[in-house]
Amino acid sequence: MPSRHSRRGETQPAHLIWAVGTSTMPGSIKDGDHLPFRPIFAAVVNGHGLVIGHGVSMPDEPLSGVEEALRQAIGKPTGGFGSGNIPLRVTVDEEALLPLVRRLLPGVPAKVGRSPELQELFRNLPTIELSQTETGIMGLTTYLDGDLTPALVESFFSASADLYRRQPWTLFADDQCLFQVTSRGLAMNQWCGCVIGQAGESYGVLLFESRLDQQRFTLLAKSENDPSQLAVGQLPPQHAISFEPLDALSRELIAEIEQYRWPVAPGDAYPVPLHVDPNFMELPSSRDELARLEATARALTRLIDNLPELEDYWLWTGQEPLRRQFRVPVQDRGLVSVSISLIPPQDEDDEDWHDVM
C-alpha cells in the first residue's frame, strides 16, 4: 500500500492523509428557489487521490458543502464515499477551513497547504455532474420568476413562435450579420444583435447592449480561452432568446407550458429567455428584460415580412445602412416604437464600421 513519510521519517498510510478544499464551479445552477448561482464544490481526497467526501454549497453558505464533505469522509463508506476512519493529518487549501476541520476532527493535526490530488480534481470540475436535481436547460423549472406573470410570458411565447416560423437563420448568413435595435420606451439604445443557428443547432437571437460589447464577445469567442476562466467583468453582458427542443426542458417547465397553453411553433421552438451577466450567471428575466426580447423578436419578424431582399443584403460589401421603424405590440404596453437597422457587411480588412442609426 502506498504510504507517505512524516516529518520524523515515519511512514504514514496514504488513505489516512486527507486534503480538504473548495473550488467555484464554472457553470451556474438554478433550482427554482434561489437566484441562479455559481455553486461551490467541496471535496475531501486521500493520499491515493480518491474522493472520500464531497458537497456543494451556495455562495452565501460556503462552508456547508465542506461540512457535508467531511461528514461523508468521516462516516462509514456509502455509495463509494467515506472511509469510516479518522485521518492522521489534514491539509486544507485555505485558512478559513481550519476551524471547521478542527471542530469535526478534534485532535487531528491540520494545516494550510497545497494538495496535488485536490488540484487535479478541481482541474476536472467541468466534467463533473453537480446534482441529480439539475434537469433541463440550466435547471430552469419555471418562467414565472420575479415580476413575470403568465400573461407576460404568453406574449413572449407568441412573439417567439412568430419569429421561429420565419426561420431567420436562413436569411442571416452567419452570426456576423448584425443588426441594431433602439427603443426609447424600452430603454434600448443601439443594442447590437445577431441571429444564430446557421449550422443547424443552437437556434436563437443574441443581443448585446452595445456594438462594443458585441465586438468584445466576438474576440473572446475566437480566442482559445475557456470562458469560465475569464476574469470577473471580462465577458460582456448578453441577452438572448434560445430556442430549445422539448427534451432539453425540465418536466416542471413542460408542465407549466402545457398548463398555461403558451403558443409554441412546430419544431425545436421552445423559447428560453436568457440574461447572462459578466459573472457568467444566467439571471431570471424581469418584466422589462422580457419586454426587450419580445420587442426584438417582433421587430425581426416585421423586418422579414417587409423586406424580401433581406437575404441578398449580406452578399455585397459597401452597402448603405438599412433602417426600418415599426410599432409592435409588447406585453400589455400597447404598441411600442422600435427601430431596427442592419449593419452593412464590411470588407475583411476594413476595421471601420458605420453608425447605422
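Residues numbered from 1 in each chain as written. Predicted model: local features only at pLDDT ≥ 70, side-chain atom pairs only at ≥ 80, totals over all residues. Heavy atoms only, no water.

The helix and strand tally for the protein stands at 7 helices and 14 strands. With 357 residues in all, the protein has 48% of them scored as buried. Of the accessible surface of the protein, which amounts to about 18,000 Å², a share of 49% is contributed by carbon and sulfur atoms. (Helix = DSSP H or I, 4+ residues; strand = E, 2+ residues; numbered from the N terminus. Buried < 20%, exposed > 50% of the residue type's maximum accessible area, 1.4 Å probe, protein only. Areas by Shrake-Rupley, 256 points an atom, 1.4 Å probe, with all protein chains shown as cover.)

A separate point is the nonpolar core. Considering soluble globular proteins, one finds that nonpolar side chains tend to be buried as a cluster. Ranked by size, the top nonpolar core spans 63 residues in total, and within it Tyr143, Phe172, Phe179, Leu303, Leu310, Ile340 and Leu342 carry the most contacts. Among the elements that line this core, the one with the most residues is helix H7 (residues 287-306), at 9 residues. Listed in part, the 19 residues of the second largest apolar core include Ile52, Val90, Leu100 and Val101. (Core = buried A, V, L, I, M, F, W, Y, C linked by side-chain atoms within 4.5 Å.)

What follows covers helix H1 (residues 64-74). In an α-helix there are 3.6 residues to a turn, and that puts residues three or four apart on one side. Burial in H1 covers these residues: Gly65, Val66, Ala69, Leu70 and Ala73. Around the axis of H1, the buried residues are gathered within 135° of arc, so they sit on the same side. Residues of H1 that are buried in the fold lie against strand E3 (17-24), strand E4 (40-46), strand E5 (51-57) and helix H2 (98-104). (Arc of directions from axis to C-beta. Contact = heavy atoms within 4.5 Å.)

So, on to helix H6 (residues 251-260). Buried residues of H6: Leu253, Glu256 and Ile257, and no others. For H6, the angular spread of the buried residues around the axis is 100°, confining them to a single face. Residues of H6 that are exposed and point more than 90 degrees away from the buried face comprise Arg251, Glu258 and Gln259. Along its buried surface, H6 packs onto helix H4 (150-165) and strand E12 (270-276).

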